[in-house]
Amino acid sequence: MAEAVMSFTVIKPKIHCSCIQTAKVELNPAPNSLRQCSTSGFSKGWHQMEGSCRRKRGSLSKVKAFPDLTLMAVLVEHIEGQRDLITHKSVWHLNDETIKNDPYYDSEQYRKDGGDGTGHWVYEKQEDIEESARAELWREELIEEIEQKVGGLRELEEAGKREEELVK
Amino acid sequence: MATTSLLPKSISPFLSNPASIPPTHFTNVSFLNNPSDQSSYTTKPSTTRPNAKKNPWLDPFDYGDDPEMEYGSFYSEGKQDEDPRPPDNPDSPYGFLKFPMGYSVEVASLGLKIRGDVRRCCCVISGGVYENLLYFPVIQLIKDRYPGVQVDVIASARGKQTYELNKNVRWADAYDPDEDFPEPADYTDMIGIIKGRYYDMILSTKLAGLGHAAFLFMSTARDRVSYIYPNVNAAGAGLLLSETFTPDSMNLSDGGYHMYHQMIDWLGRPGRNVPRQAVPPLKVSISRKLKEFVMAKYKNAGAEKGKYIVIHGIQSDSKASMQSRGDTDSLLPINLWAEITKAIRGVRPVFVIPHEKERENVEDVVGEDASIVFISTPGQLAALINDSIGVIATNTAAIQLAHAREKPSVALFCSEEKGKLFVPNAEEKRCIVLSSKTGKLIDIDIEAVKNVVPVFELPLALV
């Protein structure tokens, strides 16, 4: 998860920076109303940012309908007699390509037993594993048997050759 | 003729007397007859079956087999083919007709009707590890009798673990058939699963009453074969089953090693041009992965490959002690085991504990340096036994596993009769059976055991 965020910020540093700035601009006038920030303040920030993007349309080469923006809210909690508790909140989106190329989504953590990541719940994963293990076992035994037979044949052949040599 | 041959199928599972019609749904197939094979007509196996079902209530118009019926060899004789579908013909100009000339799809499934082929078979097995382990020869028998059959198993969660050791099984599902009141969701889910797999034959070793018979009936398998209660509880079960076996007692496991003999008799019955199928011995196969895993385990406990004896059967209330249901008095307290192992020289005893809480007790009695291995699955136990030089155990799955891997063993039984039941032909299996005189395992003569134990030191002395 952390990797995904990291890679994202590396990919789009420009927009990211602008977002932080806009968020700060938005939030600075009302730092005390924390709960508002987390709910209504968020949508405000979104609009604000869209606006900022629209204004910059001339300078930016390409703007998507749903740009991969990192929305960031900075929550400041005032507690009497203590330092302010500052929480950075972000909402981030990944496009399909990023998701497909993200190692996290191929990892065991995401695709372990039960879910396969598609939203279709997959049953019988465990049964599948056991079934394939038994099939493997069957193959192993077969190979062993064949090896034994081949070994027996070889011994017979060698014995035959020796006899032939003795006869000669 | 072809139309009449298909007609009885829709009626027979419900009304006809299965003793006369299944297991091979006889139909007149004279259109397939090969004139040269007319002489090879053999007597019907059903008339010779000892415990065939004969119930006039099911079909009052069943007068037995038709003596004028003639059978050819095609689809009616011999064992089934391993793979009924011939290899695809890629050169076929018709695309969809990829099978070779002369292979007609229309009659390809006749074997299923006439000969009673079994392509998919399901075994519902009641009991724990021991009962499932003793079922292995039956599965091998099914494989031998019906070449190419796919065998699936439904067993309790503990019993299912045994199939780690069986290469002949495809799916093993955990569902406890012994539970009297299963969760409705589990019950219907399992019915859906087995119905969706379209089994030809479903075998059950749970004593069936009407309820279990209905469960088997809903699988829609052609042959529904089960043990039934030997008392009034079996009422109604026969209506839903195509073959029933009545066990000698309420507890099937009382039969010992040959607990499934009635089912084996029926499965291995001779058919047309098929001789009686012999019962194979109990065999288990252990995967390389498992061996490596267990090797790490016993090395960690301070034992070396081929230089230790497995001690199994320590008293515990754990569910993983792998006893048989037919012999509940089959565990010895650790202080007796400690006395027995004192007589062992030259090889290291490895104590198998079924639960971690026993570790302290064993350490207290035997000493801190004792080799203790925590094993709760039959697969790991089998791998441990496979690398040992022998086994000393009470009547647990360890004894049967030792026989399956051809290791010498000393078996401690609570009575002589039980010993004979669970270990028939002990000499052949290199097993020394010692039994208690009083009928209680705890009274077993420790001195006698001590005298026998040095058997295991001989191979080392020779080396």
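Residues numbered from 1 in each chain as written. Chains lettered and ligands numbered in written order. Predicted model: local features only at pLDDT ≥ 70, side-chain atom pairs only at ≥ 80, totals over all residues. Heavy atoms only, no water.

1. A short note on unusual backbone geometry
- The phi dihedral of Asn273 of chain B falls on the positive side, at around 65 degrees, and the residue is not glycine.
- Here Asn273 of chain B is to be found in the loop between α12 (261-267) and α13 (288-300). (Helix = DSSP H or I, 4+ residues; strand = E, 2+ residues; numbered from the N terminus.)

2. Things to note about the sheet that holds strand β6 (residues 243-245) of chain B
Residue and element names in this part refer to chain B.
- Strand order in the open sheet formed by 6 strands is β3-β2-β1-β4-β5-β6, and the pairing between neighbours is parallel. Bordering the open sheet on either side are β3 (169-174) and β6, each of which pairs with just one other strand. Geometrically, the sheet is characterised by an average inter-axis angle of 15 degrees between neighbouring strands, direction not taken into account.
- Looking at chain direction, strand β2 (residues 150-155) and β3 are connected through 4 bridges and run parallel. The residue bridging Val151 from the neighbouring strand is Val169, located in β3. (Pairing = 2+ DSSP bridges. Axes fitted to C-alpha atoms, helices over the stretch in contact; angles between N-to-C directions.)

3. Details of the domain arrangement of chain B
Residues and elements named next belong to chain B.
- With domains assigned, chain B is organised as domain 1 (117-267) and domain 2 (288-462).
- On a C-alpha basis, the centres of domain 1 and domain 2 stand 30 Å from each other.
- In this assembly, 21 residues from domain 1 lie in contact with 23 residues from domain 2.
- Around 1700 Å² of area is buried between domain 1 and domain 2 when both sides are counted, 62% of it from carbon and sulfur atoms. (Domains from an automatic or database assignment. Contact = heavy atoms within 4.5 Å. Buried area = accessible area lost by both parts, 1.4 Å probe.)

4. Things to note about the interface of chain A and chain B
- With 11 residues of chain A at the interface, the matching set in chain B holds 18 residues.
- When chain A packs against chain B, the two sides together hide about 1200 Å² of surface, and 48% of this comes from carbon and sulfur.
- It is Glu127, Arg134 and Leu137 of chain A that lose the most area in chain A upon contact with chain B, and together they represent 45% of the buried surface on that side.
- In this structure, the connection of chain A to chain B is made through 4 salt bridges.
- The partner of Lys160 of chain B in a salt bridge is Glu127 of chain A, with the nearest N and O atoms 3.9 Å apart.
- Of the residues assigned to the side of chain A that touches chain B, the class counts are 2 nonpolar, no polar and 9 charged. (Salt bridge = Lys/Arg side-chain N within 4 Å of Asp/Glu carboxyl O. Nonpolar A, V, L, I, M, F, W, Y, C, P; charged D, E, K, R; others polar.)

5. Topic: the pattern of salt bridges
- Across all of its chains, the model carries 17 salt bridges over all chains by this definition.
- Beyond isolated ion pairs, a larger network of salt bridges with shared partners links Asp152, Arg170, Asp173 and Arg197 of chain B.

6. Looking at the nonpolar core
- Among the nonpolar cores identified, the biggest contains 71 residues, and Tyr135, Ile142, Tyr163, Leu203 and Tyr260 of chain B are the most heavily contacted of them.
- If one sorts the elements of this core by residue count, helix α17 (residues 397-404) of chain B sits on top with 6 residues.
- Lining this core are residues from two domains, each supplying at least three of them: domain 1 (117-267) and domain 2 (288-462) of chain B.
- Filtering out sequence-adjacent residues up to four positions away, Tyr163 of chain B remains in contact with Arg134 of chain A together with Ile125, Asn132, Tyr135, Phe136, Ile139, Val153, Ala155, Val169 and Ala172 of chain B.
- Core analysis: the next-biggest nonpolar cluster, separate from the first, contains 28 residues, Val347, Cys414, Leu434 and Val453 of chain B among them. (Core = buried A, V, L, I, M, F, W, Y, C linked by side-chain atoms within 4.5 Å. Buried < 20%, exposed > 50% of the residue type's maximum accessible area, 1.4 Å probe, protein only.)

7. Topic: the environment of Tyr227 of chain B
Residue and element names in this part refer to chain B.
- Among the structural elements, Tyr227 can be located in strand β5 (residues 223-228).
- The spacing of Tyr227 and Gly127 is 100 residues in sequence and 13 Å in space, taken between C-alpha atoms.
- Within the structure, the side chain of Tyr227 is placed 3.3 Å from the backbone nitrogen of Met263, a separation counted as a polar contact. (Polar contact = N/O pair within 3.5 Å; in protein donor to acceptor, adjacent residues only side chain to side chain.)

8. Details of the environment of Ile314 of chain B
Residues and elements named next belong to chain B.
- Following the sequence through the fold, Ile314 ends up in the loop between β7 (308-312) and α14 (334-342).
- Residue class for Ile314 comes out buried when judged on its relative accessible area of 3%.
- Distance from Ile314 to Pro270, taken between C-alpha atoms, is 44 Å for residues 44 residues apart in sequence.

9. Details of the pairing of β2 of chain B
Residue and element names in this part refer to chain B.
- Of all 6 residues in β2, 5 are buried; the element is thus mostly enclosed.
- Sheet topology note: the strand β1 (residues 120-125)/β2 ladder contains 6 bridges and is parallel. Note that in β2 the partner of Cys121 across the bridge is Val151.

10. Concerning the side chain of Ser409 of chain B
Residue and element names in this part refer to chain B.
- Looking at where Ser409 falls in the secondary structure, it is placed in strand β11 (residues 409-413).
- Overall, the relative accessible area of 1% leaves Ser409 in the buried class.
- There is a polar contact of 3.4 Å between the side chain of Ser409 and the side chain of His403.
- Setting aside its immediate chain neighbours within four residues, Ser409 contacts Val391, Ile399, Ala402, His403, Arg430, Cys431, Ile432 and Phe456.

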